[in-house]
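Summary of the model geometry
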Amino acid sequence: MSGAGRRVTVVEVGPRDGLQNETVEVASDAKVAFIEALAAAGLPVVEATAFVSPKAIPQLADGDEVFRRIRKLPGVRYPVLVPNEKGMDRAEAAGVREIAVFTAASETFNRKNINASIDESFARFAPVVARATRGGMRVRGYVSCGFGCPYEGPVTPAAVARVAVRLLEAGCREISLGDTIGVGHPAQVRALVRAIAGEVSLDRVALHLHDTYGRAVANVWAGYEAGVRTFDASLGGLGGCPYAPGASGNVATEDVVDLFERAGVRTGVDLVALVRATAWLEDEVLKRRLPGRVFRARKGQA
Ligand code: HMG
Ligand code: MG
């Protein structure tokens, strides 16, 4: 299939999904520099941090300071994950212009992740979404465990579609379907996108694919062929959720950009600048985490 004249949006989630799961301590200065480097490389959306409970995610406890200190580039969006009204208070105080709320297609995962059932999660973020939209903020809604749950096993496309539709009805502008534990495969991506497309316009759908079994790039392409045009990714494949045991990182941003650009699908991202940022990430995070191991980013690919 020719990709000529086509475009996709790559949403960088490394500073949030990546750093929330990091085992080494990353200084606030480094987080700010990381976010600024990603935006400078041309990523149009950089999910900057999460205003969740610091007890749940101590790695992002400095999110308020980090968000305030980012030198924001015009035209770049910097959403922040918000679980409840307390998080929304922090978002408003920090000057956030865009938020993401999150729930799951699995009851057990939701309970472990946010201590709420699916219904309770909607009740909890309804006032958050209402405040955000009143204030002119754009809201994204995540559906975790869209392809399988670490506790409940298989998840049906119908269950995912139900939650996705509810999120849109609740006021979300976009929904991001998460393969939280990376069990999805291309045929499943096609089936899920088909099921969702029956309910929701695909220009409001993103895919958020983790790479546990090395299938995330294939899944991105399957999603593209099925009509999705927004893909979450994380520089260097950082990422994971502390409440999704065994899951690995997100699909690597440099791999997604390289895939699309080689296929003639424009991302607007400068791969050379991105690869430079992976070198920074290697020094700042990965070498400290895995001493002596070679970082997986393909530095020669640019
Ligand atoms: P809870 O314990 O049920 O709530 O947590 P609570 O209201 O009873 O609060 C407990 C304590 O946290 C209290 O402090 C609150 O003040 C404080 P204490 O009185 O004990 O000192 N607190 C907060 N502090 C700061 N900011 C806040 C906040 N809220 C409460 N916003 C809660 C419920 C949802 C808060 C908690 O479970 C939580 O924060 N969970 C977040 C977990 C998380 O961030 N997981 C990873 C993100 S989701 C993900 O990775 C999946 C995704 O990438 C897509 C995919 O891959 O599928 C999006
Ligand atoms: Mg994730």
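Refer to the preceding data block for the structure.
Everything numeric in this text was worked out from a predicted model, so none of it was measured.

Next up on the list: the packing of helix 9 (residues 216-226) against helix 10 (residues 253-262). At a minimum axis distance of 10 Å, the contact between helix 9 and helix 10 shows a crossing angle of 45 degrees. On the basis of their axis angle, the class for helix 9 and helix 10 is oblique. Considering the relative orientation of helix 9 and helix 10, their crossing is right-handed. On the side of helix 9, the interface is formed by V217, V220, W221 and Y224, while helix 10 contributes D255, V256, L259 and F260. Counted by class, the contact of helix 9 with helix 10 contains seven nonpolar, no polar and one charged residues.

Strand order in the open sheet made by the nine strands is 3-2-10-9-8-7-6-5-4, with parallel pairing throughout. The strands lining the two open edges of the sheet, one partner per strand, are strand 3 (45-46) and strand 4 (49-50). As judged from the two bridges shared by strand 5 (residues 80-81) and strand 6 (residues 98-104), these two strands associate in the parallel manner. In the sheet register, V80 faces strand 6, and the bridge partner there is I99.

Further remarks concern the pattern of salt bridges. What the rule picks out here adds up to 18 salt bridges. Residue D17 pairs with R16 through a salt bridge whose shortest N-O separation is 3.6 Å. With a relative accessible area of 6%, R16 lands in the buried category. A salt bridge links R140 to E174, with the shortest nitrogen-to-oxygen separation between them at 2.8 Å. Taken together, the residues span a long stretch of sequence, with R140 in strand 7 (residues 138-144) and E174 in strand 8 (residues 174-179) at a distance of 34 residues. E174 carries the same exposure label as R140, and that label is buried. A cluster of three or more residues bridged by salt bridges with shared partners is formed by E85, D89, E92 and R131.

A separate point is the site of ligand 1. If you check the shell around ligand 1, you find 28 residues, and the closest are K55, K86, N115, S144 and T180. Separating an oxygen atom of ligand 1 from a side-chain N or O atom of R16 is a distance of 3.0 Å. Here ligand 1, which alone exposes 1100 Å², has 75% of that area covered by the protein. The set of elements that each furnish at least two residues to the shell around ligand 1 consists of helix 1 (14-18), helix 4 (85-94), helix 5 (107-114) and strand 7. When residues of the shell around ligand 1 are assigned to their parent elements, the largest contribution, three residues, is made by helix 4. When grouped by side-chain class, the residues that make up the shell around ligand 1 number eleven nonpolar, eleven polar and six charged.

Definitions and limits used
Residues numbered from 1 in each chain as written. Chains lettered and ligands numbered in written order. Predicted model: local features only at pLDDT ≥ 70, side-chain atom pairs only at ≥ 80, totals over all residues. Heavy atoms only, no water. Axes fitted to C-alpha atoms, helices over the stretch in contact; angles between N-to-C directions. Helix = DSSP H or I, 4+ residues; strand = E, 2+ residues; numbered from the N terminus. Parallel < 35°, antiparallel > 145°, perpendicular 65-115°, else oblique. Left-handed = near helix turned anticlockwise from the far one by under 90°. Contact = heavy atoms within 4.5 Å. Nonpolar A, V, L, I, M, F, W, Y, C, P; charged D, E, K, R; others polar. Pairing = 2+ DSSP bridges. Salt bridge = Lys/Arg side-chain N within 4 Å of Asp/Glu carboxyl O. Buried < 20%, exposed > 50% of the residue type's maximum accessible area, 1.4 Å probe, protein only. Near = heavy atom within 4 Å. Polar contact = N/O pair within 3.5 Å; in protein donor to acceptor, adjacent residues only side chain to side chain. Areas by Shrake-Rupley, 256 points an atom, 1.4 Å probe, with all protein chains shown as cover.

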